[in-house]
Amino acid sequence: MNPELGNFALALACCLAGGQAVLPLVGAQRRDARLMALAPALAVGQLLALGFSFACLVDAAISDDFSVQNVAANSAVAKPLLYKITGVWGNHEGSILLWALILGICGGAVALFGRNLPSALRARVIAVLGGVSAGFQLFCLTTSNPFDRVWPAPLDGQGMNPLLQDPGLAFHPPILYTGYVGFAVPFAFAVAALIEGRVDAAWGRWVRPWAVAAWCFLTCGIALGSWWSYYVLGWGGYWFWDPVENASLIPWLTGTALVHSAIVVEKREALKIWTVLLAIGTFSFSLSGTFLVRSGILNSVHAFANDPARGVFILGLLALVIGGSLLLFAVRAPSLVAGGLFAPVSREGLLVVNNILLCSICAVVLTGTMYPPFMSLLFGRTISVGKPFFDATTVPLTIPLLAFMGFGPMMPWKRAQLWPILRRLWWAGVAMLAAFVLLAWRIGDVLPLLAATGAVWVIAASVADIAERIRLFRLPPAASLQRARLLPRAALGAALAHAGVGVSVLGLAAMSQAQHRIVEVRVGQTEMLAGDAWTLTAVRAAPGPNYTALIATIEVRHAGRLVTVLHPSKRTFASQNQTTTEVSIHTNLMSDLYGVLGDRHGSDADPTYVLRLHYNPLAPWMWLGGLIMALGGALSLSDRRVRVGAPRRAAAPAMVAAQ
């Protein structure tokens, strides 16, 4: 495939996106069925053009077409095929094209699977998605074109950043971007509802599956990125509170609030204005993260493409999308009719508390992330906000969130009595108290102890919720099993997602008790850590496909018994003149033994090696919990009652009058 064809396809997609943004919107305003009918066709056409454009870029990378600037700067002949393909989105230009492609997929999905939507609402939603798509495609064409040529073409490329040559990070960006971009659909529904001036139960039913799907992908993307940081960077940690890490956490928090508030709109037609604002805010935070990564305003190990021109373009796009949607919200939100009164002690009440706490955590993370660059910009002062601040401010808000999570699923709608709920959760409370007693002698710090206790409470309450639904121990086993088979998958998914939160928090709390040592040893020397004997038995050199490696052998023994043999290494990439560390981890799911090979010192006759040794209890639970959360969301989506069957929309008063 010719790169020029890819560039032409990108330009064609941009033209189609422009038409998609204007024609259906005009048709919905004029009630012109022909113009509204153009929306799905334009969305699918744009998707096909973007798919062909992206395929052209992948083909250029696979065929080592170094006349393309993007390929020459990010690939090489010796690079493995997998990373030639995944390296397409491991740079600024390619990642923006991938972002545009995923946005096109979202528009195509609404076009193909939104046939049960009212034609005017469907046209407006697709039009909003087309407008956002057009902005990103213009960004690609004007400041970040991945098909730019270089002449004369080099014989070989500069190669990919060695840190990115890993399966975990290869698939982390597309999953994360799908989460980011997926929230464009609830955003489009929110803007369309504001234009139409109507939010009802049917709207909540239509928005919820798109929000859940985006949340699942974002959860997986964050977990995969954290896992990559843990096993590739070699520092023994999993989350650095890096600004770009925070940029993904912020929309996850508001997206979680959006998923829960959409349920209230669907079930009780309450929190309408708040849910619309959350939909706008979540996608706005996703776009803001893109600006922060690519503008150079943040110093981050993740940031790339620090180009002021690109930053200005994205800032203008942000002002148009976010500013325009918020202005529309300010004008039209007062016209949305509130409804669905409820008592403070009810499921709606707890979901409101859930939203307040999630958004409070979001505000804290946002403040800690943006305070240093604003202080530098306004006053020229360099300030660092790191882990101590975020831990001290987010954990106290997380603990009450965990406490309320256990009660939420048990609460009836509209009005509830607290005592019957407490009776159903008594054994979950006993499990929580037992966990507190058992963990108190292992976890000395108060906040991690309370967090771990709260995590046990959430897991036990999730199990209690399902047990109550199937009347476990109150009916014969066969009857309970039959009730379990008939249980809605949405209820199972919600319980599973809540339990996943508890599993992740348990892993996070346990990691506060991790132990590590940095030692300099000779071959044959033994060091002690966490009751285990770590012995460096050998160090050898080995060639790789596009690097040379120095591989250590570390035997770990407990009471004389061999537990495992670790093989951490250092890799030197000649084409980039860069060295990376490869961690070796032994896990039994209850703890990780984690070894890193550092620098070599001394003479050839008597060398010494720096080793970083870690004992990390329950470390795998952090990512296992993320996987459980995402599986819970996917299980909810598999329930047909969540995806289709929205209540029939009553005719709007204006439409009735017009008829």
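Residues numbered from 1 in each chain as written. Predicted model: local features only at pLDDT ≥ 70, side-chain atom pairs only at ≥ 80, totals over all residues. Heavy atoms only, no water.

**Focus on the overall build of the protein**
- Within the protein, the secondary structure is distributed over 22 helices and ten strands.
- Relative to the compact-globule value of 26 Å for 659 residues, the protein shows a C-alpha radius of gyration of 27 Å, a close match.
- Here the C-alpha coordinates of the protein stretch approximately 95 × 75 × 55 Å along the principal axes.
- Every one of the 659 residues in the protein was classed for burial, and the buried ones make up 54%.
- Once local pairs closer than 6 in sequence are excluded, the contacts in the protein between residues at least 24 apart make up 72%.
- Surface summary for the protein: the accessible area is close to 28,600 Å², and the carbon and sulfur share equals 67%.
- Side chains of the protein give 46 positive and 31 negative charges; the mean places of these two sets differ by 16 Å. (Helix = DSSP H or I, 4+ residues; strand = E, 2+ residues; numbered from the N terminus. Rg over C-alpha atoms; globule rule 2.2 N^0.38 Å. Buried < 20%, exposed > 50% of the residue type's maximum accessible area, 1.4 Å probe, protein only. Contact = heavy atoms within 4.5 Å. Areas by Shrake-Rupley, 256 points an atom, 1.4 Å probe, with all protein chains shown as cover. Lys, Arg positive; Asp, Glu negative; His and termini not counted. Charge placed at Lys NZ, Arg CZ, Asp CG, Glu CD.)

**Notes on the sheet that holds strand 9 (residues 591–602)**
- With antiparallel pairing, the four strands of this open sheet are ordered in space as 1-10-9-8. Sheet topology places strand 1 (515–521) and strand 8 (584–587) at the edges, where each strand pairs with a single neighbour. Neighbour-to-neighbour, the strand axes of the sheet open up by a mean angle of 15 degrees, direction not taken into account. (Pairing = 2+ DSSP bridges. Axes fitted to C-alpha atoms, helices over the stretch in contact; angles between N-to-C directions.)

**Details of the side chain of Lys272**
- Assignment of secondary structure puts Lys272 in helix 11 (residues 272–295).
- Contact partners of Lys272, with chain neighbours within four places excluded, come to Val199, Val265 and Val337.

**As for the packing of aromatic side chains**
- Across all of its chains, the model carries 16 aromatic pairs by this definition.
- Measuring from ring centre to ring centre gives 4.7 Å for Tyr230 and Trp623, while their planes differ by 45 degrees; the resulting arrangement is tilted. Taken together, the residues span a long stretch of sequence, with Tyr230 in helix 9 (residues 201–232) and Trp623 in helix 20 (residues 619–637) at a distance of 393 residues. In terms of burial, Tyr230 and Trp623 fall into one category: buried.
- Among the aromatic residues, those joined into a ring-pair cluster are Trp99, Phe136, Tyr177 and Tyr180.
- Geometry around Trp441 places Arg442 over its ring, the cationic atom sitting 5.4 Å from the centre. (Phe/Tyr/Trp six-rings, centres within 6.5 Å; stacked < 30°, edge-to-face > 60°. Lys NZ or Arg CZ within 6 Å of the ring centre and 35° of its normal.)

**Thoughts on the pattern of salt bridges**
- Applying the stated criterion across every chain yields a total of 21 salt bridges.
- Between Arg34 and Asp32 there is a salt bridge, with the nearest N and O atoms lying 3.7 Å from each other.
- Across the pair Glu468 and Arg424 runs a salt bridge whose closest N-O atoms are separated by 3.8 Å. Taken together, the positions of Glu468 in helix 17 (residues 446–469) and Arg424 in helix 15 (residues 418–424) put the pair 44 residues apart, joining distant regions of the chain. (Salt bridge = Lys/Arg side-chain N within 4 Å of Asp/Glu carboxyl O.)

**Observations concerning a nonpolar patch on the surface**
- Residues Phe436, Val437, Val446, Leu447 and Leu450 make up a contiguous nonpolar surface patch of about 420 Å² in total accessible area.
- Among the secondary structure elements, those contributing two or more residues to the nonpolar patch are helix 16 (426–440) and helix 17.
- Mapped onto the elements, Leu447 comes out in helix 17.
- Residue Leu447 is classed as partly exposed on the basis of its relative accessible area, which comes to 33%. (Patch = residues over 30% accessible without salt bridge, like charges linked within 9 Å, V, L, I, M, F, W, Y side chains within 5 Å.)

**Quick word on the nonpolar core**
- Phe189, Trp203, Val276 and Leu425 are the most contacted members of the largest nonpolar core, which has 148 residues in total.
- When neighbours within four sequence positions are excluded, Leu425 is seen to be in contact with Gly406, Phe407, Met410, Trp457, Ala461 and Ala464.
- With 14 residues, the next largest nonpolar core counts Val519, Val521, Leu593 and Leu597 among its residues. (Core = buried A, V, L, I, M, F, W, Y, C linked by side-chain atoms within 4.5 Å.)

**Notes on the packing of helix 17 against helix 19 (residues 489–511)**
- The geometry of helix 17 relative to helix 19 is characterised by a closest axis approach of 8 Å and an angle of 160 degrees between their N-to-C directions. As summarised for this structure, helix 17 and helix 19 are arranged roughly antiparallel, according to the angle between their axes. Remark: the crossing between helix 17 and helix 19 carries left-handed chirality. For the pair formed by helix 17 and helix 19, the contact residues are Pro448, Ala451, Ala452, Ala455, Val456, Val458, Ile459, Ser462, Asp465, Ile466 and Arg469 on the first element and Ala491, Leu492, Ala495, His498, Ala499, Gly502, Val503, Val505, Leu506 and Ala509 on the second. (Parallel < 35°, antiparallel > 145°, perpendicular 65-115°, else oblique. Left-handed = near helix turned anticlockwise from the far one by under 90°.)

**Focus: the confidence of the model for the protein**
- In the predicted model, the protein carries a mean pLDDT of 88, and the fraction of residues at 70 or more is 94%.
- For the protein, the element scoring lowest by mean pLDDT is helix 22 (residues 653–658), at 38; strand 5 (residues 561–566) scores highest, at 96.
- Scored below 50 in pLDDT, residues 653–659 shows two contacts in the model against residues more than four places distant or in partner chains. (pLDDT = per-residue confidence, 0-100.)

**Concerning the pairing of strand 4 (residues 548–558)**
- As paired elements, strand 3 (residues 532–543) and strand 4 share ten bridges and run antiparallel to each other. What sits directly across from Leu536, in strand 4, is Ile554.
- Note that strand 4 and strand 6 (residues 569–573) share four bridges and pair antiparallel. Bridge assignment links Leu550 to a residue of strand 6, and that residue is Lys570.
- Taken together, the five bridges between strand 4 and strand 5 define a ladder with antiparallel strand orientation.

**A word on the packing of helix 8 (residues 184–196) against helix 9**
- Here helix 8 crosses helix 9 at 160 degrees, and the two axes come no closer than 8 Å. As summarised for this structure, helix 8 and helix 9 are arranged roughly antiparallel, according to the angle between their axes. Crossing angle aside, the handedness with which helix 8 passes helix 9 is left-handed. Between helix 8 and helix 9, the contacting residues are Val185, Pro186, Phe189, Ala190 and Ala193 on the first element and Trp203, Trp206, Val207, Trp210 and Ala211 on the second.
- A class-by-class count of the residues in the contact of helix 8 with helix 9 yields ten nonpolar, no polar and no charged. (Nonpolar A, V, L, I, M, F, W, Y, C, P; charged D, E, K, R; others polar.)

**Some details on helix 13 (residues 347–379)**
- Taking 1.5 Å per residue, 33 residues should reach 48 Å; helix 13 reaches 46 Å between its end C-alpha atoms and fits that length.
- The axis of helix 13 is deflected most strongly, by about 35 degrees, at Tyr371, and proline Pro372 appears within four residues downstream.
- Positive backbone phi, approximately 70 degrees, marks Gly380, located one or two places after helix 13. (Expected span 1.5 Å × (residues − 1). Bend = angle between axes of the 7 residues up to and from the residue.)

**Here we look at the environment of Thr290**
- As for its placement among the helices and strands, Thr290 is situated in helix 11.
- Apart from the residues lying within four places of it in its own chain, the contact partners of Thr290 are Trp99, Phe136 and Ile314.

**Thoughts on the side chain of Glu93**
- Mapped onto the elements, Glu93 comes out in helix 5 (residues 92–113).
- Overall, the relative accessible area of 17% leaves Glu93 in the buried class.
- With residues near it in sequence (within four places) discarded, Glu93 still touches Asn70, Ser144, Asn145, Pro146 and Arg310.

**Focus on the environment of Phe436**
- With respect to the secondary-structure elements, Phe436 resides in helix 16.
- Linking Phe436 and Ala72, residues 364 residues apart in sequence, is a C-alpha distance of 57 Å.
- If we skip the residues at most four places from it in the chain, Phe436 touches Leu449, Leu450 and Thr453.

**Description of helix 16**
- Taking 1.5 Å of rise per residue, 15 residues should cover 21 Å, and helix 16 covers 21 Å from first to last C-alpha, within 8% of that figure.
- For helix 16, the full list of buried residues reads Ala428, Gly429 and Ala435. An end-on view of helix 16 places all buried positions within 120 degrees of arc, on one side of the element. Projecting away from the buried face of helix 16 at angles above 90 degrees are the exposed residues Trp426, Leu433, Val437 and Leu438. (Arc of directions from axis to C-beta.)

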